[in-house]
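# Results of the structural survey
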Amino acid sequence: MKIGITGATGHLGRLVVKQLKEKVAADHIVALVRNTQKAAELGVESRIFDYDKPETLSGSLQGIDHLLLISGNEIGQRKTQHENVIRAAQEAGVKWIVYTSLLHADTSSLSLAEEHLLTEKALQSSGIPYTILRNGWYTENYTASVPAAITHGVLIGSAGEGQISSAARADYAEAAAVVLTSSNEQGKVYELVGDEAYTLADLAAEISKQTGKTIPYQNLSEAEYTAALIGAGLPEGLAAAFASFDVGASKGDLYDNNKQLSSLIGRPTTTLAAAVREALAV
């Protein structure tokens, strides 16, 4: 049996490959990547795989039984890219697709939700058995702001008092590896979140605790936060998107307390304290 992992050299993909190698022989894993040279260190077979070159995808999927489709990172392009992969999987005879979607994709107000939901629908109509992993936010999305918060003495955002049930990428990667190597998972939809919900004020307090510095959380309007991100060097469109995600958090889009993730991986998810400690160690 061959398990293919798309985006295998990305942040999540690398961790999935690492977890899979602990469960199955390395020669059962195929890294599907845009640049095979970058995949050399993964220690598994690699094949060229570019979502934007549909004519090449079916050939790269030959012999793949189970496919983890890690969603692309190009906002606005995902629907087309994912449909390219699904069609290629049909042509290649892939027997099962596991897809990394978005938490509550069917009800979320996040702008990201539509493309994920359209991909889910494409899977449902493809005729290929599927499993959907609706991943919540990555804790790293927020701990990436730790250095800037320390430099400026303040953590900024637009999430208000919204509860964020994020988990570390490693937690989501382990869940994907568990599902891919388990039976009776087809047709399931998982809503995956961390065990511990927190606000950005809680994050600021944890940074303060671990650094010994007083770093408060300052809540900004969506427009103010967008402007601040642009000032920090982000492109205007990306800055606006990030600010809107925070607003979504304030509405509860990043919250759930179902414990499905920790149940899948058989351990508690990574704590906020541990995630901050890791960010400070970089």
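Check the entry above for the structure.
Residues numbered from 1 in each chain as written. Predicted model: local features only at pLDDT ≥ 70, side-chain atom pairs only at ≥ 80, totals over all residues. Heavy atoms only, no water.

A positive phi angle, near 50°, is found at His 104, a position not held by glycine. Of note, Lys 259 is a non-glycine position whose phi angle comes to about 65°, a positive value. Within the secondary structure, Lys 259 is located in the loop between helix H10 (236–250) and helix H11 (260–265). The class of Lys 259 is partly exposed, set by a relative accessible area of 38%. (Helix = DSSP H or I, 4+ residues; strand = E, 2+ residues; numbered from the N terminus. Buried < 20%, exposed > 50% of the residue type's maximum accessible area, 1.4 Å probe, protein only.)

Let us look at the pattern of salt bridges. Enumeration according to the criterion identifies 14 salt bridges in this entry. The residue Asp 106 makes a salt bridge to Arg 134 at a minimum N-O spacing of 3.2 Å. With Asp 106 in the loop between strand E5 (96–102) and helix H4 (113–124) and Arg 134 in strand E6 (residues 130–135), this pair connects stretches of sequence that are 28 residues apart. Given a relative accessible area of 47%, Asp 106 falls into the partly exposed group. (Salt bridge = Lys/Arg side-chain N within 4 Å of Asp/Glu carboxyl O.)

Our next topic: the sheet that holds E6. Overall, parallel pairing links the seven strands, which are arranged E3-E2-E1-E4-E5-E6-E8 in an open sheet. Each edge of the sheet is formed by a strand with only one pairing partner; in this case those strands are strand E3 (45–48) and strand E8 (189–192). Neighbour to neighbour, the strand axes of the sheet diverge by 20° on average, direction disregarded. Summarising the sheet, strand E1 (residues 3–6) and strand E4 (residues 66–69) pair through three bridges and their orientation is parallel. Looking at E4, one finds that Gly 4 is bridged to Leu 67. Docked against the sheet, helix H3 (residues 78–92) engages E4 and E5, running at close to 175° with respect to E4. Here H4 sits on the sheet and contacts E5 and E6; the angle it forms with E5, its principal contact strand, is near 160°. (Pairing = 2+ DSSP bridges. Axes fitted to C-alpha atoms, helices over the stretch in contact; angles between N-to-C directions. Contact = heavy atoms within 4.5 Å.)

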